[in-house]
Amino acid sequence: MRIVRVIRHRLRSLLQRSRVDFDLQREFEVHLDQLVKERMADGMSKSEALLAARREFGSVSLAQEQCRDMRATNLIDDLMRDLVFAFRGLTKSPVFTLAVLLSLALGIGANAAIYSFMDAIMMRALPVPDPDSLVILNWRAKGWPDVMKQQHGDDNGHHDAEGVYVSGAFPYPFFASAGNQNELLSSIFAFASAGRPNLVIGNQAFLGIGEYVSGNYFSGLGTRPASGRLIDTEDDRPGASPVAVISYRLWQQRFDGASSAIGQTILVNRKPFIVGGVTAPGFYGVNPRDSPDIFLPLHLLPYVDPRVRHDAWFHDRNNYWIEMMGRLRSGTTLRQADVAMATRFHGFVSATADNDKERANLPKLWLQGGGSGLDALRRQYSKPLCVLLTMTGLILAIACSNIANLLLSRATGRRREIAIRLSLGAGRGRIIRQLLTESLLIAIVGGLLGVLVAALGIRLLKWLLTYGQEDFTLHAGIDGRILLFAIFLSMLAGILFGLTPAIQATRVDLAPALKESRVFGSRARRFGLSFGPTQMLVAGQIALSVLLVVAAALFVKTLSNLHSTSIGFNTEKLLVFNLNGKLAGYSDRRGTMFYENLRQRFASLPGVRGATMSDIPLVSGPEGGNSIIVPGMSAARNLSAKIAVIGPSFFETLQIPLLLGRSVGEQDTAEAPRVVVVNDVFATTFFPGRNAVGQHFQFEDKPPIDVQIVGVAKNTRYSSLKKETPPVAFIPWAQAPPGWLNGGMYYEMRTLGDPLALANTVRQAVHQASPLVPVADVATQMQYINSTIAPELTFADLSTGFGILALLIACVGLYGTMAYAVARRRNEIGVRIALGAQRRAVIWMVEREVLVLSSIGIAIGLGMAWQTARITASFLFGVQPNDISILALSAAILVLCALAAGYAPAWRASRIDPMQALRNE
Amino acid sequence: MPKPSDLLQGTLDLLILKTISREPLHGWGIAKRMQMLSGDVLSVGQGSLYPALHRLEQQGWISAEWKDSDLGRPAKVYSLTRAGRKQLERELNSWRRLSSAVHLLIENA
């Protein structure tokens, strides 16, 4: 009870101060009036009585003050007063304050957004118990090791910066032997990507992400099922009854999280599986890049994919395809396990080498900490993210300089006031506290705004980073850590950039500061250019801005280079999607019929001008090549051509001009003579100076396939915007050799209106034709192409944004500094004008200072840009990182912006009325 | 900052608590009552009564309310809270111990 009363009372004293003070006043009045009445009753006159009452009561104001002290809310009161004071001070220059707040918010927001991606991609631990004891098995070799006769898997294997070949793929027999009786690792489990299998649940077909896992995968990771049971060693053996584990997300999406899902049959590439269980929510396997929808036992690979022979995959010691992770026994170090496993692997591969050449370059095993899972994503994004984080860090630095600038100029402007307060006995600590309140107020408000910016920024970044990739899942978002990061950053900015000016401001020599005239300012600061901390900050800001502007210019130039490469066909209003008849059991002859029937159906849809198909999407697909034999050319030259399998009206629909001959069409059936259309590069490379139409050549195969060229098409980009057009042969779909259409068919539809508006119509048409065939990767041709240059697009967009941001923030700083300098020199400028200085000369005087400052900044910035050129080099296309024209352009932009920022204060200086300026004091 | 009064601080608190323990009183009444009961011996600078009242209120021993009063106008009337009553007991006890100790000391010295 008492506590409640006390709190209520204190709150009242705190929140209703004027009310409480008023009450006190009234209370005293009652008392005093009473005293007066008593005295008058004793016979005093009214004025005598008043005096006597005052005497008897004592000092009213002292009593009032003591009563206030009793309320003991001083600390909070002071803080409130400081806050109000700071607020008032800041709203006095609202534009600058707002600009500083905004720049801080943008700086912190951008950093927090990028940081959340860094966190998600590079730092987050796998959501399993004790992730730190997990290890990943890898090997490295000098280039491709010859003992590796085959390798499968998308991410398995890459050349690192030094040209060393690094891979995580192992032969299955090594996994089988390594798992037995390991004294250092408590378990070793394996997995392999199952790609994007066709899943059928109920009567819905769709492509999911699949993962084959060994029987001890889930127990090794230590994860528990959300429902049912997970795959165990009993499920993972040849001939076991097919059991699959589905992800929590799939369970929610397709089964509404019902427990009846367990035991249901689903189709994986048309093979029935029983749903055994559901993974824990948040579990995404071991690769932060993709979240498998379905986990299948490793040994059921041949069951799902009949092309896989059990012997070749599970007994061939030269076929590298499974990835492995393990868990350290407690007390074992990574180093110990590394040595032991390396020895084991060396013994294994030595026995698989047949000759000296193979023995010369054996892969060497090494262990890597696996706490945050596989690092494909980190490899892909760590460098871009570091560049982006550096950029946002620079922006934050520029923004913080603005805070420091604002506070410095305010503190300098208040030197006299502070000196007076110090001389009147104010404590230094108290004044520093007040100045700090101001900077922290900015920091906190800026930080809060920054969190908002970050939330928006994360969504924007997700969108930018996932350009056209539907299946890309990234676990980034605002969470406690990001909030902490933002708060930490803003507090750091506030204290770091607020404390120094505060301490400086209170360390004044009182006497001169007091004598200082309001008009002429400090004697220590001479007229004209002086290079104090403010100027240094501005020059620094400009230097950093130069860096960001140069980066932006480089990335934009890269993008425009990419976009201006001629693609060779019309990409407007072109819808592209993929479907695979094989997944529904249509193969070879029936498959080509299925594809062609669908194509005709698509072509007849309302709103469609034409429809064609090809086995790869142009400019954005994988490369498929074949060796060729051209009559009259030496076979020793290893001739080869890229291949595209195409449907009828391919050139017409894509609007690729035919230079010679005819297109391929419905007459080119499987029984008809084999024909191809080649591109111009093909014709000029292999038949220079001759008419290629009518010529024959052969695809190397067993036996070689002889084809006749019936047409030559204009060049188009083949697999990438960045690569020169290779020789390409276009093969009619009906004559494609068996197996060439395993990846399904891409359809290209030229539409009248928005291509994506037809997506559902297409899905329905396909569903009618076969409910088992899912439509995948529906997007416009431009989206397909843009997905191949996603990093460049992201960089161009973000760096342009960052560059403009940096410029704006730096200009705000420059503007503030100059405006402040002009205000301080008002009197001096007034005198100059009174003595006959031309207004233009005054403008020039101010702008000259701006020029000097920005030149210093630009010189430093260009120097830094030169030094850091090699970091950005790998992200550029068709432009050198120290391209003179880019550097010159950036410098020019900076100078213009600086002059523009300085013009307003300069103009104001030139308009100073000398009379007013001199009368000011 | 000068001390509120020459009285021992605790003593003033005790006197106020004791004074309003019989009936709720306004500041004027408390001052009068204390003057009367102590036979003008303990003449408190009347203004310094109020900081003490506010402190006691702050600590939750007494509560205050604006009421019509015998002065013919509303006045802020102080009354003892339940916690205040207990506090008064405690203070009385310690006062008694102290005064008897002092008494003993003076008698036997």
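Residues numbered from 1 in each chain as written. Chains lettered and ligands numbered in written order. Predicted model: local features only at pLDDT ≥ 70, side-chain atom pairs only at ≥ 80, totals over all residues. Heavy atoms only, no water.

Student: Account for the interface of chain B and chain A, naming residues and giving values.
Tutor: At the junction of the two partners, chain B supplies 29 residues and chain A supplies 28 residues. Together, Trp-28, Gln-58 and Trp-66 of chain B form the three largest contributors to the area buried by chain B at its contact with chain A, with a combined 27%. Across the contact surface, chain B and chain A share 3 salt bridges. Put simply, chain B and chain A have 5 residue pairs in polar contact (both at pLDDT 80 or more) between them. At the level of elements, helix H2 (27–37), helix H3 (49–58), strand E2 (62–68) and strand E3 (74–80) of chain B are the ones that each hand at least two residues to the side of chain B that touches chain A. It is H3 of chain B that provides the largest number of residues to the side of chain B that touches chain A, a total of 6 residues. When grouped by side-chain class, the residues that make up the side of chain B that touches chain A number 13 nonpolar, 11 polar and 5 charged. (Contact = heavy atoms within 4.5 Å. Buried area = accessible area lost by both parts, 1.4 Å probe. Salt bridge = Lys/Arg side-chain N within 4 Å of Asp/Glu carboxyl O. Polar contact = N/O pair within 3.5 Å; in protein donor to acceptor, adjacent residues only side chain to side chain. Helix = DSSP H or I, 4+ residues; strand = E, 2+ residues; numbered from the N terminus. Nonpolar A, V, L, I, M, F, W, Y, C, P; charged D, E, K, R; others polar.)

Student: So what about the domain arrangement of chain A? Which residues, and what values?
Tutor: Segmenting chain A into domains produces domain 1 (2–72), domain 2 (131–350 + 361–371), domain 3 (381–562 + 791–919) and domain 4 (581–772). Using only C-alpha atoms to locate each centre, domain 2 of chain A and domain 3 of chain A end up separated by 51 Å. (Domains from an automatic or database assignment.)

Student: Please set out helix H17 (residues 480–506) of chain A residue by residue, giving values where relevant.
Tutor: With 27 residues, H17 of chain A ought to run about 39 Å at 1.5 Å a step, and its terminal C-alpha atoms sit 37 Å apart, in line with that. Taken as a whole, H17 of chain A carries its principal kink of about 30° at Leu-499 of chain A; the proline Pro-501 of chain A stands between one and four residues after it. (Expected span 1.5 Å × (residues − 1). Bend = angle between axes of the 7 residues up to and from the residue.)

Student: Can you tell me about unusual backbone geometry, naming the residues and giving the values?
Tutor: All names here are of chain A. Of note, the phi angle at Asp-256 is positive, near 55°, even though the residue is not glycine. Along the chain, Asp-256 turns up in the loop between helix H9 (248–255) and strand E12 (265–268). In this structure Asp-256 comes out as exposed when scored by relative accessible area, which is 67%. For Gln-655, which is not a glycine, the phi torsion comes out positive at approximately 60°. Within the secondary structure, Gln-655 is located in the loop between helix H21 (650–654) and strand E22 (658–661). Taking relative accessible area as the criterion, Gln-655 reaches 36% and is therefore assigned partly exposed. (Buried < 20%, exposed > 50% of the residue type's maximum accessible area, 1.4 Å probe, protein only.)

Student: Account for the packing of aromatic side chains, naming residues and giving values.
Tutor: Residues and elements named next belong to chain A. Under the criterion given, the structure shown has 35 aromatic pairs over all chains. Ring geometry for Tyr-217 against Phe-295: centres 6.1 Å apart, planes inclined by 40°, an arrangement best described as tilted. Taken as a pair, Tyr-217 in helix H8 (residues 217–221) and Phe-295 in strand E14 (residues 294–297) lie far apart in primary sequence, 78 residues in all. Judged by its relative accessible area of 0%, Phe-295 is buried. (Phe/Tyr/Trp six-rings, centres within 6.5 Å; stacked < 30°, edge-to-face > 60°.)

Student: Go over the pattern of salt bridges, please, and point to the residues and values.
Tutor: Applying the stated criterion to the full structure yields 26 salt bridges over all chains. When the shortest N-O distance is used, the salt bridge between Asp-293 of chain A and Arg-249 of chain A registers 2.9 Å. In this pair, Asp-293 of chain A sits in the loop between strand E13 (271–279) and E14 while Arg-249 of chain A sits in helix H9, placing the two residues 44 residues apart along the sequence. Among the residues examined, Arg-249 of chain A registers a relative accessible area of 36% and is labelled partly exposed. A salt bridge links Arg-33 of chain B to Glu-23 of chain B; the nearest nitrogen and oxygen atoms lie 3.0 Å apart. With Arg-33 of chain B in helix H2 and Glu-23 of chain B in the loop between helix H1 (9–22) and strand E1 (25–26), the pair connects residues that are 10 residues apart, well separated along the chain. The exposure class assigned to Arg-33 of chain B is buried, which follows from its relative accessible area of 16%. Assessed through its relative accessible area of 38%, Glu-23 of chain B is described here as partly exposed.

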